[in-house]
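Descriptive analysis of the structure
Each chain is listed here by its residues.
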Amino acid sequence: MFLQLINGAVLFGDDLLNYFQDNGWGIVAILITLYLLKNHVITPFLDKRNFRPEEIRQADYQDRMRKIRLQQQELAHQRAIEAAKRREQEEREEKDRKNNLHTSSPSSSGKRLGGGGGGGSTKSSRIIGNSSYNALDPSSSHTSGYKPARRCLPRGGG
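Thresholds applied
- Residues numbered from 1 in each chain as written.
- Predicted model: local features only at pLDDT ≥ 70, side-chain atom pairs only at ≥ 80, totals over all residues.
- Heavy atoms only, no water.
- Helix = DSSP H or I, 4+ residues; strand = E, 2+ residues; numbered from the N terminus.
- Buried < 20%, exposed > 50% of the residue type's maximum accessible area, 1.4 Å probe, protein only.
- Areas by Shrake-Rupley, 256 points an atom, 1.4 Å probe, with all protein chains shown as cover.
- Patch = residues over 30% accessible without salt bridge, like charges linked within 9 Å, V, L, I, M, F, W, Y side chains within 5 Å.
- Salt bridge = Lys/Arg side-chain N within 4 Å of Asp/Glu carboxyl O.
- Lys, Arg positive; Asp, Glu negative; His and termini not counted.
- Charge placed at Lys NZ, Arg CZ, Asp CG, Glu CD.
- pLDDT = per-residue confidence, 0-100.
- Expected span 1.5 Å × (residues − 1).
- Bend = angle between axes of the 7 residues up to and from the residue.

1. A word on the overall build of the protein
- Within the protein one finds three helices and zero strands.
- For the protein, the sequential pattern of α-helices and β-strands runs α-α-α.
- Residues classed as buried in the protein amount to 3% of the 158 residues present.
- Here the protein displays about 15,200 Å² of accessible surface, and carbon together with sulfur accounts for 59% of that area.

Right under this line is the structure:
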């Protein structure tokens, strides 16, 4: 019984060896063709089509979105810090400007309104930068002006 098993295995090995001797180059050609087909056609197609399980794709998408949101938050935080610094600097400059107006050294003849040789504030002096308030100049106030009342009363529609 044991010898029959060994004899059958030897005969199978001998037949297999004869088959490889007869068809060896064909088998090698088929293996090379399958290898090239897999590496140059099938794998790139699957990578391009992104055949991955839905859970993995969803997790990757959520990770990318989380990173993008973090970058946006960091950028917004940096912009807010820059704006706060800029606003603080402007407030400091405005405060210094106002302090310089009130604490400037008094001259012997006093200050004249209108910033110059005589007369009030004109548009040209405001453009240049010598602006001051003149009550007689209607364009110097920051109000929108006179608005007359509405002449027609609202009527009920219906």
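Don't stop here, the text continues.
2. Thoughts on a nonpolar patch on the surface
- On the surface, Ile30, Leu34, Leu37, Val41, Ile42, Phe45 and Leu46 cluster together into a nonpolar patch covering about 640 Å² of accessible area.
- Considering the arrangement of structural elements, one finds leucine 37 in helix α1 (residues 2-49).

3. Observations regarding a negative patch on the surface
- Negative charge collects at one region of the surface, where Glu90, Glu91, Glu93 and Asp96 lie side by side.
- In this structure, glutamate 93 sits in helix α2 (residues 54-102).

4. Focus on the pattern of salt bridges
- Under the definition given, this model contains three salt bridges.
- The partner of arginine 66 in a salt bridge is aspartate 63, and the shortest N-O contact between them spans 2.9 Å. Separated by three residues within a single helix, arginine 66 and aspartate 63 lie in helix α2, roughly one turn from each other.
- Here aspartate 63 falls in the partly exposed class, since its relative accessible area comes to 36%.
- A salt bridge links arginine 92 to glutamate 88; the shortest N-O distance between them is 2.8 Å. Note that arginine 92 and glutamate 88 are positioned in helix α2 at a spacing of four residues, about one turn of the helix.
- Residue classification places arginine 92 among the partly exposed positions, given a relative accessible area of 39%.

5. With respect to the confidence of the model for the protein
- The share of residues in the protein with pLDDT of 70 or more is 70%, and the mean pLDDT across the chain is 79.
- Here helix α3 (residues 123-128) stands out as the least confident element of the protein, with mean pLDDT 50; α2 is the most confident, with 92.

6. As for α1
- The end-to-end C-alpha distance of α1 is 55 Å, clearly below the 70 Å that 48 residues give at a rise of 1.5 Å each.
- A maximum bend of about 75° is found in α1 at asparagine 23.

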